[in-house]
Amino acid sequence: MNQSEREEAKRRAGESAAAEVEDGTVVGLGSGSTAAHAIRALGREVDGGLDIEGIPTSFQAREIAIDAGIPLTTLDETAVDVAIDGADQFDGADLVKGGGGAHAREKIVDAAADRLLVVADPTKEVDVLDYPVPIEVLPDARTTVADAVRRLGGQPELRRADRKSGPVVSDNGNLILDCDFGAMPDPAGLAADLSALPGVVEHGLFVDFADEVHVGTETDVTVFEP
Ligand SMILES: O=C[C@H](O)[C@H](O)[C@H](O)COP(=O)(O)O
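All values reported here derive from a predicted model rather than from experimental measurement.

A. Representation of the UniProt feature "active site" (unreviewed entry) in the protein chain. UniProt marks Glu106 with the feature "active site" (unreviewed entry), using the numbering shown here. Position of Glu106 among the secondary structure elements: in helix H4 (residues 103-112).

Listed below in structure tokens is the structure:
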């Protein structure tokens, strides 16, 4: 799948999930390039009269939603009916997220939603998850968490910025360790171990999160419930 075919697949996946959003609902707005297609599609529906409110999961999602004309709200004001979000990898209902560093807020919103619709291109689907797990850490905990990740069999790497000297700083002011565990046959066990580490704000393993997965191709979309 080349780059333009992949982009087309993402667009189809995003638009397919957006088409499921019903009038009068509150929608969690995911982050990343695939979720962005869903947000823009929802914006077009709002232009056409769809009455929804969105809860963005990142600075990026908020910017796109404002540009698309979607009215915004917060978790302090209302519950979430459905969230639409991308993934870096999925094996069915389990996801690895956080390639864009947005997984902490994504997990809060996605977990709060009645239903999570995952949108992805086919390159993200695997039998066993093996994508490096992003872990957002409080800055003071980056060394102790990295040591603990090594003890758990992972290789941590501090995420560095492209156009700034030093590390990527998350939307929440924290650092991100990309942790390569190789194949992860027991994502639930690893997720519990990572969540227990002092200083971990959130990790990118979303175990049993997806209610529905929309996988786009260059020509079509497959929708399944894991
Ligand atoms: O932090 C980023 C999010 O978890 C994204 O949803 C994930 O990285 C997938 O992004 P994309 O659709 O751009 O591949």
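B. The arrangement of the site of the ligand in detail. Every one of the 18 residues lining the ligand counts as a neighbour, but Gly32, Thr34, Gly86, Gly99 and Gly100 are closest to it. Looking at the shell around the ligand, the elements with two or more residues in it are helix H2 (33-47) and H4. The residue inventory of the shell around the ligand, partitioned by class, reads three nonpolar, 11 polar and four charged.

C. Main features of the confidence of the model for the protein chain. Here the protein chain averages 98 in pLDDT, while 100% of its residues score no lower than 70. On the interface metric, ipTM, the complex scores 0.99, and its pTM is 0.97.

D. Geometry of the domain arrangement of the protein chain. Its domain assignment divides the protein chain into domain 1 (3-125 + 208-218) and domain 2 (133-201). Between domain 1 and domain 2, the C-alpha centre-to-centre distance is 24 Å. Each partner contributes residues to the interface: domain 1 has 11 residues there, and domain 2 has 10 residues. The dominant element in the side of domain 1 that touches domain 2, judged by the number of residues it contributes, is H4, at three residues.

E. Region of interest: the packing of H2 against helix H3 (residues 59-68). Where H2 meets H3, the axes come as close as 8 Å, and the angle between the chain directions of the two elements is 25°. When the interaxial angle is binned, H2 and H3 end up roughly parallel. Two packed elements cross with a definite hand, and for H2 against H3 that hand is right-handed. Across the interface between the two elements, Ala35, Ala36, Ile39, Arg40, Leu42 and Gly43 of H2 pack against Ala61, Ile64, Ala65 and Ala68 of H3. A class-by-class count of the residues in the contact of H2 with H3 yields eight nonpolar, one polar and one charged.

F. Representation of the environment of Glu8 within the structure. Relative to the helices and strands, Glu8 resides in helix H1 (residues 3-18). Sequence-wise, Glu8 and Asn172 are 164 residues apart; in three dimensions their C-alpha atoms are separated by 31 Å.

G. Focus on the nonpolar core. Formed by 58 residues in total, the largest nonpolar core has its most connected members in Ile39, Ile84 and Val118. No other element matches the six residues that H2 contributes to this core. Split by domain, this core shows at least three residues from each of two domains, domain 1 (3-125 + 208-218) and domain 2 (133-201). In this structure Ile39 touches Leu29, Ala61, Ile64, Ala65, Ala68 and Ile70, once residues within four positions along its chain are discounted.

Cut-offs applied
Residues numbered from 1 in each chain as written. Predicted model: local features only at pLDDT ≥ 70, side-chain atom pairs only at ≥ 80, totals over all residues. UniProt positions renumbered as here; feature names shortened; annotations may be inferred. Helix = DSSP H or I, 4+ residues; strand = E, 2+ residues; numbered from the N terminus. Near = placed C-beta within 6 Å. Nonpolar A, V, L, I, M, F, W, Y, C, P; charged D, E, K, R; others polar. pLDDT = per-residue confidence, 0-100. Domains from an automatic or database assignment. Contact = placed C-beta atoms within 7 Å. Axes fitted to C-alpha atoms, helices over the stretch in contact; angles between N-to-C directions. Parallel < 35°, antiparallel > 145°, perpendicular 65-115°, else oblique. Left-handed = near helix turned anticlockwise from the far one by under 90°. Core = buried A, V, L, I, M, F, W, Y, C linked by C-beta atoms within 7 Å. Buried ≥ 20, exposed ≤ 12 C-beta atoms within 10 Å, placed from the backbone.

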